[in-house]
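Residue-level structural notes
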Amino acid sequence: MNKIFLLISIVFYSLSANSQVTQINNNSSLDPTMPFPNGKTILVSDIDSTLWITDGTLAGTTPLPTTIKFIAPGGFLNGKFIFTAKSNALGIELYYTDGTNTAPTLLKDINPGAPDSEPDDDFAILNGYMYFTASRPTEGRELWRTDGTFGGTDIFKDLVAGPTSSNDPNDYHLFSNGSFLLFDVKTAADGNELWISNGTAGNGMQLKNINSGAVSSDPDNFTKFNSLVLFQANDGTHGIEYWRTDGTEAGTFLLRDINPGLGNVYLFFNLPFIFNFNGKAYFNAYNPTTGNEVWMTDGTEANTAILRDIQILPFGFSTILNAVKLGNNFFFSSSDFATRFEIWKSDGTPDGTTLFMSFDPADPSGSPFLMPPYDIDYNSQTLVQNPFQGNKFFFTAGTSTDGNELWVSDGTPGGTHQVKNIGPGATNGVNASSFVYTSNFLYFVANNGTDGAEPWKSDGTDGGTSQVANINPGDDSDPLYSFFINNGKLFFNATDGNSPTATDLYVLDGVFPLPINLVDFTVSEKTGNALINWSTSVEIINREFVIERSLDGTHFTAIGTTKPSLTAFSKKAYSFTDWNIGSLGVNKIFYRLRQLDKDGSATVSRIVALTIKGSKLFALKIIGNPATSFLTVEISGNNDKVQLGIRDVNGRSLSLSSTYNGNGFVSLPISNLKPGIYFLVAETGEGQKTLKFIKK
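Residues numbered from 1 in each chain as written. Predicted model: local features only at pLDDT ≥ 70, side-chain atom pairs only at ≥ 80, totals over all residues. Heavy atoms only, no water.

**Focus: the overall build of the chain**
If you tally the helices and strands in the chain, you get 1 helix and 59 strands. For the chain, the residues scored as buried account for 54% of the 696 residues in total. For the chain, long-range pairs separated by at least 24 residues make up 52% of all intrachain contacts whose partners lie at least 6 apart in sequence. (Helix = DSSP H or I, 4+ residues; strand = E, 2+ residues; numbered from the N terminus. Buried < 20%, exposed > 50% of the residue type's maximum accessible area, 1.4 Å probe, protein only. Contact = heavy atoms within 4.5 Å.)

Here's what the structure looks like:
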């Protein structure tokens, strides 16, 4: 989630009328790293990698009392920001901070003494644990996990037994979809291939040997799509292409050979960005016949196809990277960088994908650049688009008369117009490399030809578009590197010109979060019931909370609602009780919170898993239903031998019975069964469970 914060820094907030720009740090080149619910933000100096903290004031912007040097961010877990840092005495290890002015704490000296364990920058969160890889002599580099405490930080599994590492640093590409982990493991026999773990102790195995033999498939760029995960891999026959998995070997396959033969799905550079719209995934792909275009999939090979062949070869390019959702359509840019500079509109179908507007810039830098209004949901670690004021979006585009300037659109040609000609005449006025949304304004970088590149704001009208401050008068360089918002303030990096290389940190007061701000969300067991607690720091447009429950971590149902207190900027605590959870017949229950706003939008929290204390009934889950040749079963919470059997609809036991020990994934051959409905029966000394499945 911190990576999203660093790369995009785009959040919805509300701005008051009386605002003032103040410099709160000079020449330390401080970059935001993690905002905390207490209003503090952790920053890192690009000059010397020292750690700082700020509350948005000059006096409250200070270095943390520590000698460690920041290396890489990990993530936010259980109220702690976990990261890697280096000290002279302990080398590179894991540390955490709770967002206070105290010194960061060593989480664990994994490789004791000065040698590094060097936790890499692949981090993933699953069921209350943060997973990462680290190295020490006895196991090499292997998979570890932590719950944010010293005692809860330990090796998860020695995937390649002995001192041989299971992969190289930063090559695991750890990914969590909330139900299981996916990652890349390198073995002498199979090379770099796709592995999976359900997060139970010691669980981890190869999911599929995509490129058979010792040649690697190098799975990478994992993205959650509905109940699937999309990723890229090379099977040695089709080049680098898009694949999908549902967590089973049978459900892991090539979506389509988009660039036939050994050709890759991209030509010059890879844009593995997935845009979700109306139940389908849209992505960029290259085909020698159509060039670089937008493709779509529903997760099946049959329905993976090009959205529309828009541009003429060889250099035409349509991009989904900064597409914008508005109503029942989405908008994206397309250009051949010579004569065609366009925005297209799509309802997600080929016939419903049409030219929206074309432009005539004097140079290719005026190609349309859409500015997506993202909302960052730190709990679910996702980005959600909420259109500016609910019905419009901004973009930059060029014309031969006015240059590259700011535009606004409500999704109709008549409601699309240039906001203001900021740069004089045909001179480019707007740089869209850094921007941030509030409920009332878009903040961005612009140059009026007199003051140089400075912070500006716009409400979508000419009169409401103005320069916020003149940080370095007359300087034509671009001194603004990033915007971010926390603690009722808008921060940005700039330089006042007194250093040729270092940047300063500025703050614009009077910025307040508009939507609901979920501070925490926890679930605990109390006398046989599940006690669900959450708290908010901001409530303005919230309509109600919906508490949702799942027995498999995937399919959720609503079990209750709670009305908000609407106490604006005061912290408010809530609770809800799910009664008699022992009667549900499982040893683990999953909960999440759906927050509904008055404007009809919704935000879903992260998923929290509750393991029932003293539960004797193991958990059984079928992965991939209907099934074909194999029935994949996940067993967890088991302390005994499990007898698995299959029965038909008449209750007759079939000759497919086996006994397994412990927990994990089991594959039962069912190719000899006729298509129809069957029942999987699992028995231990503690009880019996039955699940229905369909054989295709």
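**Quick look at the side chain of R145**
Mapped onto the secondary structure, R145 falls in strand β13 (residues 140-146). No salt bridge is formed by the buried R145, whose closest oppositely charged neighbour, D147, lies at an N-O distance of 8.0 Å. Among the polar contacts made by the side chain of R145, one reaches the side chain of Y131 at a distance of 2.9 Å. Those residues within four positions of R145 in sequence are excluded, and the remaining contacts are Y129, M130, Y131, F132, G152, T153, D154, F156 and G199. (Lys, Arg positive; Asp, Glu negative; His and termini not counted. Salt bridge = Lys/Arg side-chain N within 4 Å of Asp/Glu carboxyl O. Polar contact = N/O pair within 3.5 Å; in protein donor to acceptor, adjacent residues only side chain to side chain.)

**Remarks on the pairing of strand β4 (residues 41-45)**
Across the 5 residues that make up β4, a large majority, 5, are buried. Neither face of β4 is open: one carries T41, L43 and S45, the other I42 and V44, and all of them are buried. The pairing of strand β3 (residues 30-35) with β4 spans 5 bridges and is antiparallel. Residue P32 lies in a different strand from β4, and its bridge partner there is L43. Following β3, the chain reverses through 5 residues before pairing antiparallel with β4; G39 in that reversal takes a positive phi of roughly 95°. Here 4 bridges tie β4 to strand β5 (residues 51-54), and the two strands are oriented antiparallel to one another. Of the residues in β5, the one forming a bridge with I42 is I53. Here β4 folds back onto β5 in antiparallel fashion, the turn holding 5 residues, of which S49 has a positive phi close to 65°. (Pairing = 2+ DSSP bridges.)

**Concerning the packing of aromatic side chains**
For any pair of aromatic rings, geometry is given as the distance between the ring centres together with the angle between the planes. Summed over all chains, the structure comprises 31 aromatic pairs. Ring geometry for F175 against F222: centres 5.9 Å apart, planes inclined by 25°, an arrangement best described as stacked. Here F175, found in strand β15 (residues 175-176), pairs with F222, found in strand β19 (residues 220-225); they are 47 residues apart in sequence, far enough to count as distant. Neither F175 nor F222 differs from the other in exposure class; each is buried. (Phe/Tyr/Trp six-rings, centres within 6.5 Å; stacked < 30°, edge-to-face > 60°.)

**Things to note about the sheet that holds β13**
Pairing in this open sheet of 4 strands is antiparallel, and the strands run β11-β12-β13-β14 from one edge to the other. Each having just a single partner strand, β11 (124-126) and β14 (154-157) make up the two edges of the open sheet. This sheet shows a mean twist of 50° between the axes of neighbouring strands, independent of strand direction. Direction of pairing for β11 relative to strand β12 (residues 129-136): antiparallel, over a ladder of 3 bridges. For A124, the partnering residue across the bridge sits in β12 and is Y131. (Axes fitted to C-alpha atoms, helices over the stretch in contact; angles between N-to-C directions.)

**Observations regarding the confidence of the model for the chain**
For residues with low pLDDT, the predicted coordinates do not support detailed interpretation. In the predicted model, the chain carries a mean pLDDT of 85, and the fraction of residues at 70 or more is 88%. Here helix α1 (residues 2-7) stands out as the element of the chain with the lowest mean pLDDT, 36, in contrast to strand β30 (residues 353-359), whose mean of 97 is the highest. Within the model, the stretch residues 377-381 combines pLDDT values under 50 with 15 contacts to residues more than four positions away or in other chains. (pLDDT = per-residue confidence, 0-100.)

**Comments concerning the pairing of strand β8 (residues 80-87)**
Counting buried positions along β8 yields 7 of 8 residues, so the element is predominantly enclosed. Two elements, strand β7 (residues 69-77) and β8, share 7 bridges in a ladder whose sense is antiparallel. In the strand pairing of β8, K69 is matched with K86. Counting the residues between successive antiparallel strands, the hairpin from β7 to β8 contains 2 residues, one of them, N78, with a positive phi of roughly 50°. Relative to strand β9 (residues 91-97), β8 is paired through 7 bridges, and the arrangement is antiparallel. Residue F83 lies in a different strand from β9, and its bridge partner there is Y95. Between β8 and β9, which pair antiparallel one after the other, the connecting turn spans 3 residues.

**Some details on the sheet that holds β9**
Strand order across the open sheet formed by 4 strands is β7-β8-β9-β10, with antiparallel pairing between neighbours. Unpaired on one side and paired on the other, β7 and β10 (105-108) mark the two borders of the sheet. Taking the axes of each pair of neighbouring strands and ignoring which way they run, one obtains an average angle of 40° across the sheet. In terms of strand pairing, β9 meets β10 through 3 bridges, oriented antiparallel. Residue pairing in the sheet places L94 in a bridge with K108 of β10.

**Remarks on the environment of I155**
Structurally, I155 can be placed in strand β14. Among residues more than four places away in sequence, those in contact with I155 are R136, E139, E142, L143 and W144.

**A short note on the environment of L228**
Looking at the secondary structure, you find L228 in strand β20 (residues 228-234). In this structure, the C-alpha to C-alpha distance between L228 and G251, residues 23 residues apart in sequence, is 9.2 Å. In contact with L228, not counting residues within four places along its chain, are T223, R244, T245, D246 and G299.

**A closer look at the side chain of D184**
Note that D184 resides in strand β16 (residues 181-187). Look at D184: it is buried, it has no salt bridge, and the nearest opposite charge is K186 at 8.4 Å. Within polar-contact distance, the side chain of D184 engages the side chain of N192 at 3.1 Å. Contact partners of D184, with chain neighbours within four places excluded, come to N167, D171, Y172, H173, N192, E193, D218 and P219.

**Notes on the pattern of salt bridges**
Applying the stated criterion across every chain yields a total of 9 salt bridges. One salt bridge in this structure joins D120 and R141, with 4.0 Å as the shortest N-O distance. Within this pair, whereas D120 is found in the loop between β10 and β11, its partner R141 is found in strand β13, the two being separated by 21 residues in sequence. Since its relative accessible area comes to 4%, R141 is described here as buried.

**Brief notes about empty space enclosed by the protein**
If you walk through the whole model with that rule in mind, you get 1 cavity of 30 Å³ or more. A volume near 70 Å³ is recorded for the largest cavity. In terms of lining, the largest cavity is formed by V265, Y266, L267, F269, N270, L271, N284, A285, Y286, N292 and F317. Broken down by element, the residue count for the lining of the largest cavity peaks at 3 residues, all from strand β24 (residues 280-287). (1 Å grid on protein atoms, 1.4 Å probe; cavity = no way out; pocket = protein on both sides within 12 Å on 5 of 7 lines; lining within 4 Å. Points joined across faces, edges and corners; volume = space filled by probe spheres on them.)

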